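So you can see what is in the structure, the chains are spelled out below.
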Amino acid sequence: MALRLVNTFEGDTAGAVLPSAGQSNGSGQRSGNALDRISGGAGVIADGTTFLHGSRSAKLNLGVVSNTGGVGWMQQSIVTAPTTAYLRIYFRIESLPGSNARWIVFGDNAGTNILGAVILRTDGKFDLVDTALTTQATSTTTLTTGQWYRIEINLVSHATTGSMDARLFIGANVEGGTPDETVSFANQNTNGNGIQWLNIGS
């Protein structure tokens, strides 16, 4: 059975640092499925000034290594290592990172191994990488600051036939049905242990 997780951040106080994971939505923190992981201290803020839908968004600081600022789910107790995952997020970049930064990361059930990830580059393009963090595909689109985007990711976990697709929707087409660009790779190592956690931010 498929598991669908959603979070809108509408329940958060504008300008507040998001608290540690595990608080229930009933406490006023987050809206939708409670996040299992919030890391980075002051690196994760509920933003009430920049949003595409509703009145809130999450503002993240990306970094080269983990724990700079990110949110996500670890669902070992709910679903056992599915081999396929889908993700949709709306985003806007305030400034590009000073070093290539982990942006979207899928991991295995041990919580330690990366299956595949999206890397935001200093030049505004993004890379899709495999479990060894080897770049397998790069966007032709250069992401610019102050522009709204939607990205949809499909990751298939497999040691030899793993794949990742990223569909990018830009500006006036942010709610469109046909992507402005599709970036993908196939038949690579995305780890055969299955998908057990997702992190947005580093």
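Structure first, text after, so check above.
Cut-offs and rules
Residues numbered from 1 in each chain as written. Predicted model: local features only at pLDDT ≥ 70, side-chain atom pairs only at ≥ 80, totals over all residues. Heavy atoms only, no water. Salt bridge = Lys/Arg side-chain N within 4 Å of Asp/Glu carboxyl O. Buried < 20%, exposed > 50% of the residue type's maximum accessible area, 1.4 Å probe, protein only. Helix = DSSP H or I, 4+ residues; strand = E, 2+ residues; numbered from the N terminus. Pairing = 2+ DSSP bridges. Axes fitted to C-alpha atoms, helices over the stretch in contact; angles between N-to-C directions. Phe/Tyr/Trp six-rings, centres within 6.5 Å; stacked < 30°, edge-to-face > 60°. Lys NZ or Arg CZ within 6 Å of the ring centre and 35° of its normal. Core = buried A, V, L, I, M, F, W, Y, C linked by side-chain atoms within 4.5 Å.

K.L.:
I keep staring at the pattern of salt bridges and nothing clicks. Help me out?
P.N.:
Opposite charge on two side chains permits pairing when their charged atoms draw close. Under the defined criterion, the tally for this structure stands at five salt bridges. Measuring nitrogen to oxygen at the nearest pair gives 3.1 Å for the salt bridge that ties Asp-127 to Arg-121. The exposure classification of Asp-127 matches that of Arg-121, with both residues buried. Bridged by salt links that share partners, the residues Arg-88, Arg-150, Glu-152 and Arg-167 form one connected network.

K.L.:
Mind showing me how you'd approach the pairing of strand E8 (residues 126-129) here?
P.N.:
Successive residues of a regular strand alternate their side chains across the two faces of the sheet. Neither face of E8 is exposed, since Phe-126 and Leu-128 on one face and Asp-127 and Val-129 on the opposite face are all buried. Here strand E7 (residues 114-120) pairs with E8 via four bridges, running antiparallel. For Ala-117, the partnering residue across the bridge sits in E8 and is Val-129. Linking E7 back to E8 in an antiparallel pair, the connection comprises five residues, with Gly-124 at a positive phi of about 90°. Both E8 and strand E9 (residues 135-138) contribute to a ladder of three bridges, which runs antiparallel. Paired with Val-129 across the strands is Thr-135, a residue of E9. Counting the residues between successive antiparallel strands, the hairpin from E8 to E9 contains five residues, one of them, Leu-133, with a positive phi of roughly 65°.

K.L.:
I'm lost on the sheet that holds strand E10 (residues 148-156) in this one. Help?
P.N.:
In any sheet, the strands associate via hydrogen bonds between backbone groups, in a parallel or an antiparallel arrangement. Read from one edge to the other, the open sheet built from four strands follows the order E5-E10-E11-E12, with strand pairing classed as antiparallel. Both edges of this open sheet fall to strand E5 (84-92) and strand E12 (181-188), since each of them pairs with a single strand only. Ignoring strand direction, the axes of neighbouring strands in this sheet form an average angle of 10°. In terms of strand pairing, strand E11 (residues 162-170) meets E12 through six bridges, oriented antiparallel. For Arg-167, the partnering residue across the bridge sits in E12 and is Thr-182.

K.L.:
Explain the pairing of E11 here, please?
P.N.:
When E10 meets E11, the two strands line up antiparallel, connected through eight bridges. Across the sheet, Asn-154 pairs through a bridge with Asp-165, a residue of E11. What sits between E10 and E11 in their antiparallel hairpin is a turn of five residues.

K.L.:
What is the right way to read the packing of aromatic side chains from this model?
P.N.:
Two aromatic rings, taken as a pair, are described by how far apart their centres are and by the angle between their planes. Scanning the entire structure with this criterion turns up three aromatic pairs. Pairing Phe-91 with Tyr-149 gives two aromatic rings, centres 5.1 Å apart and planes at 15°, and the pair type is stacked. Residue Phe-91 is found in strand E5, and its partner Tyr-149 is found in strand E10; the two are separated by 58 residues along the sequence. Taking relative accessible area as the criterion, Phe-91 reaches 9% and is therefore assigned buried. What links up through ring pairs into an aromatic cluster is the set Phe-91, Trp-103, Phe-126 and Tyr-149. When the ring centre of Phe-169 is taken as reference, the NZ or CZ atom of Arg-150 above it lies at 3.7 Å.

K.L.:
Is there a simple way to explain the nonpolar core in this structure?
P.N.:
The tendency in soluble globular proteins is for nonpolar side chains to be buried side by side. Residues Trp-103, Ile-104, Phe-106, Phe-126 and Ile-151 are the most contacted members of the largest nonpolar core, which totals 33 residues. Among the secondary structure elements, those contributing two or more residues to this core are E5, strand E6 (101-107), E7, E8, E10, E11, E12 and strand E13 (197-201). With six residues, the next largest nonpolar core counts Ile-114, Ala-117, Val-129 and Trp-197 among its residues.

K.L.:
What's the story with unusual backbone geometry in this structure? I'm lost.
P.N.:
Trans peptide bonds make up the majority, and among non-glycine residues the majority have a negative phi. In this structure, Leu-133 is a non-glycine residue whose phi angle is positive, near 65°. As for its placement among the helices and strands, Leu-133 is situated in the loop between E8 and E9. For Asn-187, which is not glycine, the phi torsion reads 55° and is therefore positive. Along the chain, Asn-187 turns up in strand E12. What makes Asn-187 exposed here is its relative accessible area of 54%.

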